Amino acid sequence: MAGQKKLLRALAGEKQDVPPIWMMRQAGRYLPEYRATRAEAGDFLKLCYNPDLAAEVTLQPIRRYGFDAAILFADILLVPQALGADLWFVTGEGPRLSTITTEADFAKLGPVADIHETLNPIYETVRILSRELPSETTLIGFAGAPWTVATYMIAGRGTPDQGPAHALREENTALFEALLARITEATIEYLSCQIEAGAEVVKIFDSWAGSLQGEAFEKYALEPCRQITAALKARHPGIPVIGFPREAGEKYVGFAKATGIDCVALDNSVDPEWAAAHVQVDGCVQGNLASRHMVTGGQELVDETRRIVAAFRNGPHIFNLGHGITPDADPDNVQLMIDTVREG
Ligand code: 1CP
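Residues numbered from 1 in each chain as written. Predicted model: local features only at pLDDT ≥ 70, side-chain atom pairs only at ≥ 80, totals over all residues. Heavy atoms only, no water.

Enquirer: Go over the environment of Ala-145, please, and point to the residues and values.
Expert: Considering the arrangement of structural elements, one finds Ala-145 in the loop between strand E4 (138-144) and helix H8 (146-155). Here the alpha-carbon distance between Ala-145 and His-116, two residues 29 residues apart in the chain, equals 18 Å. Aside from chain neighbours lying at most four places away, what touches Ala-145 is Ile-204, Phe-205 and Asp-206. (Helix = DSSP H or I, 4+ residues; strand = E, 2+ residues; numbered from the N terminus. Contact = heavy atoms within 4.5 Å.)

The following block contains the structure:
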């Protein structure tokens, strides 16, 4: 595997003395250069749909820090928009979408075949990035997992407990499952186009997987991830897939085997020593430093970073945060984390 990019080597199961490193939301508001480009674009969605500027913000953290991977700059909520939902962002609050709670709402969504009309600029961003990234940097494409995307489509916004989505799932299971199936199909097409445009790895973000319990987790988090992974690997043999069933807890165990993904991304609620013993035994893991260290820094950041590197040292590992970096983070703390990981 010599000569291959560090991140791809980890995904292929190689243990490395210094793990590859990247960071969720590495292109984001904690960086002054991101804020400047976002202002130039006008707003967040205009930035997502402007291939030159979206490629620029994707490259900014690579130039500044030399991460081993770049993640396409886009958002998981572009898929609902491409399916016909209204989407807008309220400054200081977050996303808003038209809601889907009845068959009539669902009937207004368009067919999966039409999503590319909206999503073509995203594929163009991927093409620009695959030309412009340094040869050692891996390009990661992504999409939201069907359950997480559905929680926003049903509620019309982010919610603390995904209550409206759980309610629909219980009260109108047929409609809920039809919505999940539509998102699953769209996600396969979307990720497939990202791969054709040059994404070397894809990541499926299931940020709200942890709110699904028991059989519901198997049906609505694990099974869609398995279907998407199987379809992508059938069309693009060898494409590595990272899954992120956030806050899955004990359900992280066996998730990679059951879904066919190559790497499980861990949030910071799981202990790295526990995860090394129970999750990394099946293959590559990614994670899992708490994002708050990017705000607080200091010796605690160094100690916790060293602890995570040491815990995962005996198997394939991609160093990352347990969730996205927050806008109040200090860019110097990111450099301290990278230096600590790379000091070996
Ligand atoms: O104001 C801004 O500039 C917007 C902030 C922002 C950014 C930087 C949003 C709005 N999305 C993004 C980019 C983004 N979103 C990326 C780009 C690549 C990267 O650098 O990591 C990715 C991978 C996402 C994924 C995403 N969007 C998720 C899954 C991961 C996670 O954080 O749990 C989710 C849940 C979203 C929805 C979303 N988009 C934006 C916000 C603030 C939210 C969360 C809304 C909520 O739950 O209230």
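Enquirer: Which residues make up the pattern of salt bridges, and what values go with them?
Expert: Following the criterion strictly, the structure yields 20 salt bridges and no others. The closest approach of N and O atoms between Arg-307 and Asp-271, which form a salt bridge, is 2.5 Å. Remark: Asp-271 occurs in the loop between strand E7 (263-265) and helix H13 (272-278) and Arg-307 occurs in helix H15 (residues 298-311); sequence separation between them is 36 residues. Residue classification places Arg-307 among the partly exposed positions, given a relative accessible area of 29%. Look at the salt bridges and you will find they share partners, linking Asp-271, Glu-273, Glu-304 and Arg-307 into a network. (Salt bridge = Lys/Arg side-chain N within 4 Å of Asp/Glu carboxyl O. Buried < 20%, exposed > 50% of the residue type's maximum accessible area, 1.4 Å probe, protein only.)

Enquirer: Report on the site of the ligand, specifying residues and quantitative values.
Expert: Around the ligand lies a shell of 22 residues, among which Arg-25, Tyr-34, Arg-38, Tyr-152 and Ser-207 are the nearest. The side chain of Ser-207 places a nitrogen or oxygen atom 2.5 Å from an oxygen atom of the ligand. In this structure, an oxygen atom belonging to the ligand sits 2.6 Å away from a side-chain N or O atom of His-323. Here the ligand, which alone exposes 890 Å², has 87% of that area covered by the protein. Taken together, the residues that form the shell around the ligand break down as 14 nonpolar, four polar and four charged. (Near = heavy atom within 4 Å. Polar contact = N/O pair within 3.5 Å; in protein donor to acceptor, adjacent residues only side chain to side chain. Areas by Shrake-Rupley, 256 points an atom, 1.4 Å probe, with all protein chains shown as cover. Nonpolar A, V, L, I, M, F, W, Y, C, P; charged D, E, K, R; others polar.)

Enquirer: Provide a residue-level description of helix H16 (residues 331-342), including the pertinent values.
Expert: Over its twelve residues, H16 extends 17 Å from the first C-alpha to the last, a length consistent with the 16 Å expected when each residue adds 1.5 Å. Those residues of H16 not exposed but buried are Pro-331, Asn-333, Val-334, Met-337, Ile-338, Thr-340 and Val-341. Along its buried surface, H16 packs onto helix H4 (51-65), strand E8 (284-289), helix H14 (293-296), H15 and strand E9 (317-321). (Expected span 1.5 Å × (residues − 1).)

Enquirer: Break down unusual backbone geometry for me, with residues and values.
Expert: Most of the time, phi is negative for any residue but glycine, and the peptide bond is trans. The amide bond that connects Gly-287 to the next residue, Asn-288, takes the cis arrangement and shows omega of -15 degrees. By secondary structure assignment, the location of Asn-288 is in strand E8. Despite not being glycine, Arg-25 has its phi angle at roughly 60 degrees, a positive value. Mapped onto the secondary structure, Arg-25 falls in the loop between helix H1 (6-11) and helix H2 (32-41). Given the relative accessible area of 54%, Arg-25 is considered exposed. Look at Gln-162: it is not a glycine, yet its phi comes out positive at around 55 degrees. For Gln-162, a relative accessible area of 3% gives the class buried.

Enquirer: Before we move on, can you summarise the nonpolar core with the specific residues and values?
Expert: One broad rule of soluble globular proteins: the nonpolar side chains tend to lie buried together. Counting 125 residues, the largest nonpolar core has Tyr-190, Met-294, Val-334 and Met-337 as the members making the most contacts within it. Discounting residues that sit within four places of it in the chain, Val-334 has contacts with Met-23, Tyr-30, Tyr-65, Phe-67, Met-294 and Ile-325. (Core = buried A, V, L, I, M, F, W, Y, C linked by side-chain atoms within 4.5 Å.)

Enquirer: Got a sec to walk through the pairing of E4? Specific residues and values, please.
Expert: For E4, the tally of buried residues reaches seven of seven residues, placing the bulk of the element in the interior. The two faces of E4 match: Thr-138, Ile-140, Phe-142 and Gly-144 on one face and Leu-139, Gly-141 and Ala-143 on the other face are all buried. As paired elements, strand E1 (residues 69-71) and E4 share three bridges and run parallel to each other. Paired with Ala-69 across the two strands is Thr-138, which belongs to E4. Bridging between E4 and strand E5 (residues 201-206) involves five bridges; their strand directions are parallel. The residue of E5 that forms the bridge with Gly-144 is Phe-205. (Pairing = 2+ DSSP bridges.)

Enquirer: Requested: an account of the packing of H15 against H16, with residues and values cited.
Expert: Two elements in contact, H15 and H16, have axes whose closest approach is 9 Å; the angle formed by their N-to-C orientations is 40 degrees. One element, H15, and the other, H16, form an angle in the oblique class. When you trace H15 past H16, the crossing you get is right-handed. Between H15 and H16, the contacting residues are Gly-298, Leu-301, Val-302, Thr-305, Arg-306 and Val-309 on the first element and Asn-333, Leu-336, Met-337, Thr-340 and Val-341 on the second. A breakdown of the residues in the contact of H15 with H16 according to their chemical character gives six nonpolar, four polar and one charged. (Axes fitted to C-alpha atoms, helices over the stretch in contact; angles between N-to-C directions. Parallel < 35°, antiparallel > 145°, perpendicular 65-115°, else oblique. Left-handed = near helix turned anticlockwise from the far one by under 90°.)

Enquirer: Run through the packing of aromatic side chains, naming residues and quoting values.
Expert: Any pair of aromatic rings gets described here by the distance separating the centres and the angle formed by the planes. Counted according to the given criterion, the structure contains ten aromatic pairs. Pairing Phe-176 with Tyr-220 gives two aromatic rings, centres 4.9 Å apart and planes at 90 degrees, and the pair type is edge-to-face. In this pair, Phe-176 sits in helix H10 (residues 173-197) while Tyr-220 sits in helix H11 (residues 214-235), placing the two residues 44 residues apart along the sequence. Take Phe-176 and Tyr-220: they sit in the same class, and that class is buried. (Phe/Tyr/Trp six-rings, centres within 6.5 Å; stacked < 30°, edge-to-face > 60°.)

Enquirer: Give me the lowdown on the side chain of His-293, citing residues and values where you can.
Expert: Looking at where His-293 falls in the secondary structure, it is placed in helix H14. Exposure remark for His-293: the relative accessible area of 2% places this residue in the buried category. Sequence-distant contacts of His-293, defined by excluding residues within four places in its chain, comprise Glu-300, Leu-301, Glu-304 and Asn-333.

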